[in-house]
Amino acid sequence: MLRLVRANWIQRVSCNIQKMQTDGKLFVGRMFSVQDSLPKLPVPPLEQTVQKYLRTVQPLLSDEEYANTLKIVKDFEKDPGPKLQNLLEKRAQRETNWLSDWWMNTAYLDFRQPVTVNVSPGVVFPKQNYSDKEGQLRFTAKLISGLLSYKTMIDQQTLPVEKMGKQSLCMMQYYKILCGCRIPGRKKDTWVCYPPDEANPPRHVIIAHNNAFFSMDLYGSNNQPLNTEQLHVQLKHVVRQSKEVETPIGLLTTENRNKWAKSYELLLKDKENKVSLSELHRSICVICVDNQLPDSAAGEEESTAARMMLHGGGSQLNSANRWCDKTLQFIVGKNGVCGLNYEHTTAEGPPIISIVDHILDYCKSEDKSAPAPDVKAPRKLKFNITFPELKNNIEEAVENIDSMVKDVDLNVFKFTEYGKNFPKSQKLSPDSYLQMAFQLAYFRLYSKPCATYETASLRQFQLGRTDTIRSCSIESFEFSKGMLDPAVSTQKKAELLRKAVTGHKNYVAEAIKGQGIDRHLLGLKLVALQNNMKVPTLHMDMAYSLSSHHNISTSQVPAKYEACLVFGPTVPDGYGVCYNPQEKQIIFGVSAFNCCPETVSMKFIDSIQQSLRDMKAVLEGSIQSKL
Ligand code: COA
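Residues numbered from 1 in each chain as written. Predicted model: local features only at pLDDT ≥ 70, side-chain atom pairs only at ≥ 80, totals over all residues. Heavy atoms only, no water.

1. Here we look at the site of the ligand
Right, on to step 1. Inspection of the region around the ligand gives 23 residues, with Lys-424, Ser-429, Asp-431, Ser-457 and Lys-505 positioned closest.
Right, on to step 2. Within the backbone of Pro-430, an N or O atom sits 3.3 Å from an oxygen atom of the ligand.
Right, on to step 3. One nitrogen or oxygen atom from the main chain of Ser-457 is found 2.8 Å from an oxygen atom belonging to the ligand.
Right, on to step 4. Taken by itself the ligand offers 980 Å² of open surface, and the protein chains cover 68% of this.
Right, on to step 5. Within the residue set of the shell around the ligand, elements represented by two or more residues are helix H12 (349-362), helix H15 (430-446), strand E13 (452-457), helix H17 (490-515) and strand E15 (552-556).
Right, on to step 6. Looking at the shell around the ligand element by element, the count peaks at 4 residues for E13.
Right, on to step 7. Considering only residue class, the shell around the ligand consists of 10 nonpolar, 7 polar and 6 charged. (Near = heavy atom within 4 Å. Polar contact = N/O pair within 3.5 Å; in protein donor to acceptor, adjacent residues only side chain to side chain. Areas by Shrake-Rupley, 256 points an atom, 1.4 Å probe, with all protein chains shown as cover. Helix = DSSP H or I, 4+ residues; strand = E, 2+ residues; numbered from the N terminus. Nonpolar A, V, L, I, M, F, W, Y, C, P; charged D, E, K, R; others polar.)

2. Digging into the sheet that holds E13
Paired through their backbone hydrogen bonds, the strands of a sheet run either parallel or antiparallel.
Right, on to step 1. Reading across from one edge, E12-E18-E17-E15-E13-E14 is the order of the 6 strands in this open sheet, with mixed pairing throughout. Two strands close off the open sheet at either side, each with one partner strand: strand E12 (408-415) and strand E14 (466-470). Across the sheet, the mean angle separating the axes of adjacent strands is 20 degrees when strand polarity is ignored.
Right, on to step 2. Alignment of E12 against strand E18 (residues 586-593), held across 8 bridges, turns out to be antiparallel. Paired with Phe-415 across the two strands is Ile-586, which belongs to E18.
Right, on to step 3. In the packing of helix H18 (residues 518-530) onto the sheet, contacts are made with E13 and E14, and the angle to E14 comes to roughly 120 degrees. (Pairing = 2+ DSSP bridges. Axes fitted to C-alpha atoms, helices over the stretch in contact; angles between N-to-C directions. Contact = heavy atoms within 4.5 Å.)

3. Describing the sheet that holds strand E16 (residues 564-566)
Right, on to step 1. Spatially, the 8 strands line up as an open sheet ordered E11-E7-E6-E8-E9-E10-E1-E16, and their pairing is mixed. The sheet terminates laterally at strand E11 (379-380) and E16, the two strands that pair on one side only.
Right, on to step 2. Sheet strands touched by helix H6 (residues 133-155): strand E6 (204-209), strand E7 (212-217), strand E8 (286-289), strand E9 (328-332) and strand E10 (338-342). Its angle to E8, the strand with the most contacts, is close to 165 degrees.
Right, on to step 3. Most of the contacts of helix H10 (residues 271-281) go to E6, to which it runs at about 110 degrees, and overall it touches E6, E7 and E11.

4. Focus on the pattern of salt bridges
Right, on to step 1. Taken as a whole and judged by the stated rule, the model has 35 salt bridges.
Right, on to step 2. When the shortest N-O distance is used, the salt bridge between Asp-155 and Lys-151 registers 2.9 Å. With Asp-155 and Lys-151 both in helix H6 and 4 residues apart, the pair spans about one turn of that helix.
Right, on to step 3. We classify Asp-155 as partly exposed; its relative accessible area is 30%.
Right, on to step 4. A salt bridge links Glu-162 to Arg-459, with the nearest nitrogen and oxygen atoms 3.1 Å apart. Taken together, the positions of Glu-162 in the loop between H6 and strand E2 (163-164) and Arg-459 in the loop between E13 and E14 put the pair 297 residues apart, joining distant regions of the chain.
Right, on to step 5. You can call Arg-459 buried: its relative accessible area is 5%.
Right, on to step 6. By sharing partners, the salt bridges in this structure join Arg-112, Arg-182, Asp-189, Arg-257, Asp-325 and Glu-343 into a single network. (Salt bridge = Lys/Arg side-chain N within 4 Å of Asp/Glu carboxyl O. Buried < 20%, exposed > 50% of the residue type's maximum accessible area, 1.4 Å probe, protein only.)

5. Things to note about unusual backbone geometry
Right, on to step 1. Cis geometry is adopted by the peptide bond preceding Pro-80, which originates at Asp-79 and carries an omega value of 5 degrees.
Right, on to step 2. For Pro-80, the position within the fold is in the loop between helix H3 (63-78) and helix H4 (81-94).
Right, on to step 3. Notably, Asn-210 is not glycine yet its phi reads approximately 55 degrees, a positive angle.
Right, on to step 4. Along the chain, Asn-210 falls in the loop between E6 and E7.

6. Some details on the pairing of E18
Right, on to step 1. Most of E18 sits inside the fold, with 8 of its 8 residues counted as buried.
Right, on to step 2. Residues Ile-586, Phe-588, Val-590 and Ala-592 point to one face of E18 and Ile-587, Gly-589, Ser-591 and Phe-593 to the other, with burial holding for every one of them.
Right, on to step 3. Of the pairings in the sheet, the one linking strand E17 (residues 575-581) to E18 comprises 6 bridges and is antiparallel in character. If you follow Gly-576 over to E18, its bridge partner there is Ser-591.
Right, on to step 4. The hairpin turn running from E17 into E18, its antiparallel successor, is 4 residues long.

Okay, here's the thing in structure tokens:
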């Protein structure tokens, strides 16, 4: 069903683009001007994938385990590998993107854990200059104006096509950010979208304040956007109408998806609830005006802010002042603390950060636009909690969010000794250099390498999302061992570092060209299941599960401003690391779970800093650097 809805929608977008082309009256919005000429995601050669796979699992296995995996891989190459490869290639010929629907389902809609912390990243903005409620609402109004100006570019398809080097990127993610919502289902969720070119596109945002939700129109009667002053008046109205803290119904959206689905079905039985839910789903986004901010020790403010963005701080703080199914929730907190949280089903971090950069630029300007006519007052959404079961579910949600919040160990830190300028000066890729710092940091703490995930963008392809860069390699292992061995010379250490960085950069270059191995291996498994075949032994081998158990899960999300993206670890004994490498500093958001005593975010942060210092020292002490 979902696939059908989505396929129809994508087809409709394509039709609209074609219509613009054939009509000749409307220009092709430049945002989609190269969409149809983007290449299709390839299926990599089978032999290439298995060879790479073997190289990436080797550092994680003993000799005996590796010999066993080698045999399994060799068998797979004979049967059923070629059969599956053939089926996958046929699918790739039929579909615009052989992976995108599968990925949306497997990575997101089938996932049953709460989206909070486990799926939805937070983004912390640089601290804004306000300290009272009036200033908070003024900033919120400005933020919404900035958002509207960005939305106009999406609606009119005037956003420039993004590029990676010379390569144009797929812009479809932008089209979905300001009109989508995830809907809970008992076994799997669905995703709905109200794109700008439909008959009745979204014209309102939802304002969350004191756990209450208001629908607030952003346009006057002639489709003219409200100006900042008008938005400010509307926000003051919302605040006046929600002085008391309300039932924390939004907490239901932070629950396990099956549980939330049951509550959702109960909510839908009431007519008023149904209307309110529809208003939420159909909105452009949610704007959370938070009232609470915990005290922070000096120097801890950014980490506190990051926690507000990731999970809201618990039932007594802001976690209920959220609707976590909504694709985008801007969060405007007290004392200049602000940022956002986004539901990941439709988009990766870079398009979100592009909106953030635009809004922060916009906030520096003055809005001189004329007021829009016929502005309606914001409407409070009514929720009737009629069933006793719903009351119980909300109470359980309170307990669950509070224990989840207690479990999250999240810190943000700025490494200011150097930024990406230093690896560049050494003719090394900054991203690969940082990935090697993570490898060394982990090895220093645990004396072993670990499977590491880094996001690789596949947006060079139509409807492209991501693949995995396996940052742990034979070279990174050799480098980590060498760096910590006092018997190894500085010269040799620098050579090991350069080799490991180059190896990683080569992997990146191949992954972003659709030659990664993880999505290919996933595709081979899913095509087997789709054709009623057994899951291949390769996918049940311990090497496969070990190399997919990411003790370090990372993403680079660069931003113009000092913004930092944060997310939770993907395994209970892992770290989540997001980084924004700037020219002269690097901002990191590092998370772990308290339930695992071995992983401590500050311990990992200290080790990363140590690695960055040591790596610079060996490069500066080696001959190549002195040349
Ligand atoms: N010598 C000197 N400079 C170099 C260099 C070298 N050997 N290699 C790279 N550089 C420069 C680049 O030209 C670039 O310069 P710029 O700052 O002027 O733009 C800069 O260093 C950064 O390059 P690099 O560090 O290699 O990273 P990248 O920009 O190529 O990004 C990935 C690598 C993997 C992060 C990127 O390809 C990607 O896939 N990003 C998607 C991440 C994503 O989706 N995250 C979202 C998660 S929700």
